[in-house]
Amino acid sequence: MRRKYPIVCLLLGLALAALCAARGEVPASAEADLPAGEKYVALTFDDGPNAATTGRLLDGLKERGVRATFFLIGQKIGESPELVVRMAEEGHQIGNHTWSHRKLEGPCAGQVEEEVSRTEEALRDLLGEGEFWLRPPYGYVSEGAEKSFDVPLVRWSVDPRDWESRNAEQSAQAILRDVKPNSIILLHDIYPTSVEAALRVVDRLQEEGYWFVTVEELLCLNGIDAEPGSIYREG
Ligand code: NI
């Protein structure tokens, strides 16, 4: 009897992997990259794009066959549109981190809405139609306000506080200490130290058998049908 469960899990995993590859904005070449029953984890990068650092990160991720998720600041998109197009072409998920990194709270609901919708428009102008999931700055939305957004919201489960230490080794070690399958890891691709930390983490975790996927893929692989107005922090 005990042998049956791994088989059921394997079949379920295979079906989910195929479904997730078919659903997402995943290039055809990536479909075979989601085998069943593996350890999956999602790297996420906030506050970019940044001309000085994001290209190096994209190079490193490409070399390693890794897809990640980028939550972009709207007012920076126009400074480096080629980086944003490249993210999409290379199979990364692209999300919204507001126009000016404004905390989504307070009485000025119209301004909050504009912070999000203006960024969405900039992404649509560049990439065409798509659903751009939202990471609220500081992970914060007023209680209950998440329901007013028409996309899923993403927090994180592993935070190395890379913006504070600005130290690649320290950030990498903090991630390696806390990571587990289905973690959503928070980093900021605007710091060279964070880019270096991310690539060290990828090298180490790939050796340990981890696979890197987008947040959308991670949720889907766990059978989670992400809903608009709901907040997710791990797979
Ligand atoms: Ni941020």
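As shown above, the structure is provided for reference.
Undergrad: Got a sec to walk through the overall build of the protein? Specific residues and values, please.
TA: Scanning the protein from N- to C-terminus turns up nine helices and seven strands. Restricting to contacts in the protein with at least 6 residues of sequence separation, those with at least 24 account for 75%. Of the accessible surface of the protein, which amounts to about 11500 Å², a share of 50% is contributed by carbon and sulfur atoms.

Undergrad: Outline the coordination of the nickel ion, listing residues and values.
TA: Within the protein, D47 (OD), H97 (NE2) and H101 (NE2) serve as the donor atoms for the nickel ion, at 2.0 to 2.2 Å. The motif formed by the donor residues of the nickel ion, counted along the single chain, is D-x49-H-x3-H. A residue pair is termed long-range when its members are at least 10 positions apart, and D47 in the loop between β1 (39–46) and α2 (54–63) and H97 in the loop between β3 (93–96) and α5 (109–127) qualify at 50 residues. Here D47 and H97 have matching classes, each one buried.

Undergrad: Describe in detail the packing of aromatic side chains, supporting the description with residues and values.
TA: As enumerated under the stated definition, the model contains one aromatic pair in all. Ring plane angle 25° and centroid distance 5.3 Å describe the contact between F45 and F70, whose orientation is recorded as stacked. Within this pair, whereas F45 is found in strand β1, its partner F70 is found in strand β2 (residues 69–72), the two being separated by 25 residues in sequence. No difference in accessibility class separates F45 from F70, as the two residues are buried. The ring of Y140 carries the charged tip of K103 above its face, separated from the ring centre by 4.7 Å.

Undergrad: Can you explain α2? Please cite residues and give values.
TA: Listed as buried for α2 are T54, G55, L57, L58, G60 and L61. Along its buried surface, α2 packs onto β1, β2, α4 (81–89) and α8 (192–207).

Undergrad: Summarise the environment of A42; cite the residues concerned and give the values.
TA: By the secondary structure assignment, A42 is in strand β1. You can call A42 buried: its relative accessible area is 0%. In this structure the C-alpha to C-alpha distance between A42 and T69, which are 27 residues apart in sequence, comes to 7.5 Å. In contact with A42, other than residues within four places in its own chain, are S183, I184, I185, V213, T214, V215 and L218.

Undergrad: So, the environment of E143: which residues are in play, and what are the values?
TA: Here E143 shows up in the loop between α5 and β4 (153–154). Under the relative-accessibility criterion, E143 is labelled exposed at 84%. A sequence separation of 38 residues divides E143 from E105, and the C-alpha atoms of the two residues are 9.1 Å apart.

Undergrad: Which residues make up helix α7 (residues 168–178), and what are the values?
TA: Those residues of α7 that sit buried are A168, S171, A172, A174 and I175. End-on, the buried residues of α7 take up no more than an arc of 160°, which puts them together on one face. On its buried side, α7 packs onto α6 (162–165), β5 (184–188) and α8. Two or three places before E169, at the start of α7, stands the capping residue N167, its side-chain oxygen 3.1 Å from that residue's backbone nitrogen.

Undergrad: I'd like to hear about the nonpolar core, residue by residue, with values.
TA: Counting 34 residues, the largest nonpolar core has L43, F45, L57, L61, F70, L72 and I185 as the members making the most contacts within it. Excluding anything up to four places from it in sequence, L72 contacts G48, P49, I77, V84, M87, I94, G95, N96, H97, T98, T119 and L123.

Undergrad: Tell me what's going on with the packing of α2 against α4, and back it up with residues and numbers.
TA: Their axes nearest at 10 Å, the elements α2 and α4 cross at an angle of 15°. By the angle between their axes, α2 is roughly parallel relative to α4. Viewed along their axes, α2 and α4 form a crossing whose handedness is left-handed. On the side of α2, the interface is formed by T54, G55, L58, D59 and K62, while α4 contributes L83, R86 and M87. Taken together, the residues of the contact of α2 with α4 break down into three nonpolar, two polar and three charged.

Undergrad: Give a description of the pattern of salt bridges that names residues and reports values.
TA: Scanning the model with the defined rule gives 17 salt bridges in all. Here R86 and E90 are joined by a salt bridge, their closest N and O atoms 2.9 Å apart. A relative accessible area of 21% places E90 in the partly exposed class. The salt bridge partner of E234 is R233, with a shortest N-O separation of 3.9 Å. Overall, E234 belongs to the partly exposed group, its relative accessible area being 30%. Put simply, R56, E169, E196 and R200 are held in one network by salt bridges that share partners.

What counts, and where the lines are drawn
- Residues numbered from 1 in each chain as written.
- Predicted model: local features only at pLDDT ≥ 70, side-chain atom pairs only at ≥ 80, totals over all residues.
- Heavy atoms only, no water.
- Helix = DSSP H or I, 4+ residues; strand = E, 2+ residues; numbered from the N terminus.
- Contact = heavy atoms within 4.5 Å.
- Areas by Shrake-Rupley, 256 points an atom, 1.4 Å probe, with all protein chains shown as cover.
- Donors = N, O, S within 2.8 Å, 3.2 Å for Na, K, Ca; no water.
- Buried < 20%, exposed > 50% of the residue type's maximum accessible area, 1.4 Å probe, protein only.
- Phe/Tyr/Trp six-rings, centres within 6.5 Å; stacked < 30°, edge-to-face > 60°.
- Lys NZ or Arg CZ within 6 Å of the ring centre and 35° of its normal.
- Arc of directions from axis to C-beta.
- Polar contact = N/O pair within 3.5 Å; in protein donor to acceptor, adjacent residues only side chain to side chain.
- Core = buried A, V, L, I, M, F, W, Y, C linked by side-chain atoms within 4.5 Å.
- Axes fitted to C-alpha atoms, helices over the stretch in contact; angles between N-to-C directions.
- Parallel < 35°, antiparallel > 145°, perpendicular 65-115°, else oblique.
- Left-handed = near helix turned anticlockwise from the far one by under 90°.
- Nonpolar A, V, L, I, M, F, W, Y, C, P; charged D, E, K, R; others polar.
- Salt bridge = Lys/Arg side-chain N within 4 Å of Asp/Glu carboxyl O.

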